[in-house]
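The primary structure of each chain is shown beneath.
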Amino acid sequence: RKSAMCLAIPGKLLEISGDDPCFRAGRVSFGGVIKEISLACVPEARVGDYGLVHVGLALLVVDA
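Just so you know, the residues in each chain are numbered from 1, in the order the chain's sequence is written. Per-residue local features of the predicted model are confined to residues with pLDDT of at least 70, and side-chain atom pairs are confined, for both listing and counting, to 80 or more; whole-chain, interface and lining totals are unaffected and use all residues. Only hydrogens and water are set aside; all other atoms, that is, all heavy atoms of the structure, feed into the side-chain values.

A. Molecular detail of the overall build of the chain. Within the chain one finds zero helices and five strands. Note on conventions: DSSP H or I runs of at least 4 residues are helices, E runs of at least 2 residues are strands, and numbering of each starts at the N terminus. Element order for the chain, N to C, with α for helix and β for strand: β-β-β-β-β. Judged by the C-alpha coordinates and their principal axes, the chain covers about 45 × 25 × 20 Å. Here the chain holds 64 residues, and the buried ones make up 23% of them. A simple rule labels every residue: compare its accessible area, found with a 1.4 Å probe on the protein chains alone, to the largest value its type can have, and call it buried under 20%, exposed over 50%, or partly exposed in between.

B. Just the environment of A45, in detail. Position of A45 among the secondary structure elements: in the loop between β3 (33-38) and β4 (50-54). In this structure the C-alpha to C-alpha distance between A45 and K35, which are 10 residues apart in sequence, comes to 16 Å.

Written out as structure tokens, the structure is:
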């Protein structure tokens, strides 16, 4: 039986919306491709930070 691998992609946080930590969202650039993602798991994230994103959810903030 084979197991599936998951992939998280690094992106730069351009904009944050929402005040409630559970519902904060952000616009993230992945090499010029802009996507909206959930920031619920990274309340410490700020504009300009880089984060690892998996299936539309930022998992953690990483160094540039």
